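What follows is the residue order along each chain.
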Amino acid sequence: MTLIINNDDVSKLLTMDDTIAALEKAYLDIATTEAVCRPRVDIRIPTKDPAKNYQWGTMEGGSTAGYFAIRMKSDVVYERSYNGVRTQEKYCSRPGLFCGLVLLTSIETGEPLAFINDGILQHMRVGGDGGIGVKYMANPDAEVVGMLGSGGMAHSNLEAFTRVRKIRKLQVFSPTKENRETFGREAAETYGIEVKICDRPEDVYKGAHIVAACTNSAVPVLDGALIEKGAHVINIGGGGVPDEATLKKTDVYLRMGDAPTPVSNRDLVLEDEYLGWEARPRARKHGDGRRDRKAHGVLLADRRVSLADLITGQKKGRTARGQITYSERGNLQGAQFFAVAGIVYEAAKKAGMGREIPTEWFLQDIRN
C-alpha cells in the first residue's frame, strides 16, 4: 500500500530535533557521495492575466540509505504591495489554497511509498536549516533573537533556535501589527521567553545575537548597517540574499554544501539555488522570475565554509565573539526532502497514520 500523508499527520509525526538531525546527515551524505541531489528547477509560463504567471517547481534527491524523493509544487505567482512592503504571493486554484507534494519512493524496489503534503514539512526543513546555522555559527551564549517576519517560517525558525540555544528574548517586527502581536504572544506562551513587539523594523537589531529575516518579501529586508558585532544572520525570502551591507560585514559564511555536478557533464558546475526556464522569456514574470533577480551561487567564496568542513575539522567557523556570521543552505533542497520525508513515512507506518491506497494503481505492465 502507498500512503497519503497530510499536513495534520506531519505535524504530529515530525519533530524539530529529528528534522535537524536528518538534515545534518543528508548534507554530510552529499559531501561523501552517499547521497545525490540537484538544484530546484522552475518552469514559468505567462497566464492570461499579465499580473500573474504560472510556476511549476521541483527538487529531488536520494540516498543509498534507501529513499528517493521529489518535491513538486504548482503555483500561480504574483506580487502585491501593502504597508510599504512588496511581497511575493502564490496560490493554487484560488488564494488561500496551495499545491505542494512530496513523492517518496524506495530505491530498492522503485515503488511509490508515500505522497506527502509539503506545507508543514516545508516549514520544518527551512527552520531546521536555521537551527543548524545557529548551532554551528552563533556564539554559544546567544540568547536574543531579532526577527523580521511573523509567518510560518518565523515560527519554525524560532522553534529551531530554541533547540540549539537557550533563547531568552524575542524582538519581532512584521508589517501587520496584529500578526506580529499574535506571533509574539504565541512565542511567549510556547517557549516561556520575554517578547518585545517592535513598531519599527530597525528596533529588532539592538542587542540581537541572532538576526533572522523570515519573510515573503520580494525584495531584501535586512539592513546590514544595523547588525551588531557578534550576531549570526539568517535570511529567508527577500529575494533570496541579504542586502549588500550585510554581506560586506559578514566575517564567516556557512553554506551547507553544493549539489554535485552531473556525471554526464563534469564541466557543468551548478552553484545556483535554482534554474529557471520560461515560455515567452521577455514577458514580465514575478517571484524568482523577476528580470533583475539572478539565482545566486556561492556568495562569499573567500569567507565560505561548508557543514562538512566544520564537522570534520577541516575549517573553522566563528573564531571570535565579535565576528558577524551568516548561514544558508546552498542548493541542497533536493537532499532535504528524501531525508525528512523518510522520517515522516517511517513514523506514519509505526503509528498507523495516513490513508492507504493500492500501490498497483501507480504501476503498469507496459514498459516505460
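Residues numbered from 1 in each chain as written. Predicted model: local features only at pLDDT ≥ 70, side-chain atom pairs only at ≥ 80, totals over all residues. Heavy atoms only, no water.

Caption draft 1: Representation of the pattern of salt bridges within the structure. Using the criterion set out here, one finds 26 salt bridges in the structure. Of the charged contacts, one joins Asp-8 and Lys-12 as a salt bridge, the two residues approaching to 2.7 Å between their closest N and O atoms. Pair noted here: Asp-8 and Lys-12 are both in helix H1 (residues 7–13), with a separation of 4 residues, about one helical turn. By relative accessible area, which is 54% here, Lys-12 ends up exposed. One salt bridge connects Glu-194 with Arg-168, and the closest N-O pair in it is separated by 3.6 Å. Taken together, the residues span a long stretch of sequence, with Glu-194 in strand S11 (residues 194–197) and Arg-168 in the loop between helix H4 (152–164) and strand S10 (169–173) at a distance of 26 residues. A relative accessible area of 38% places Arg-168 in the partly exposed class. In this structure, a network of salt bridges that share partners links the residues Arg-40, Asp-42, Arg-44, Glu-278 and Lys-285. (Salt bridge = Lys/Arg side-chain N within 4 Å of Asp/Glu carboxyl O. Helix = DSSP H or I, 4+ residues; strand = E, 2+ residues; numbered from the N terminus. Buried < 20%, exposed > 50% of the residue type's maximum accessible area, 1.4 Å probe, protein only.)

Caption draft 2: Spotlight on the pairing of strand S12 (residues 210–214). Of all 5 residues making up S12, 5 are buried, and the element is well covered by its neighbours. Neither face of S12 is left uncovered, since the one carrying Ile-210, Ala-212 and Cys-214 and the one carrying Val-211 and Ala-213 both have all their residues buried. Bridge count between strand S9 (residues 144–148) and S12: 4 bridges; the pairing is parallel. Bridge assignment links Met-147 to a residue of S12, and that residue is Ala-212. Across 5 bridges, the pairing between S12 and strand S13 (residues 232–236) is parallel. Within S13, the residue paired with Val-211 across the bridge is Val-233. (Pairing = 2+ DSSP bridges.)

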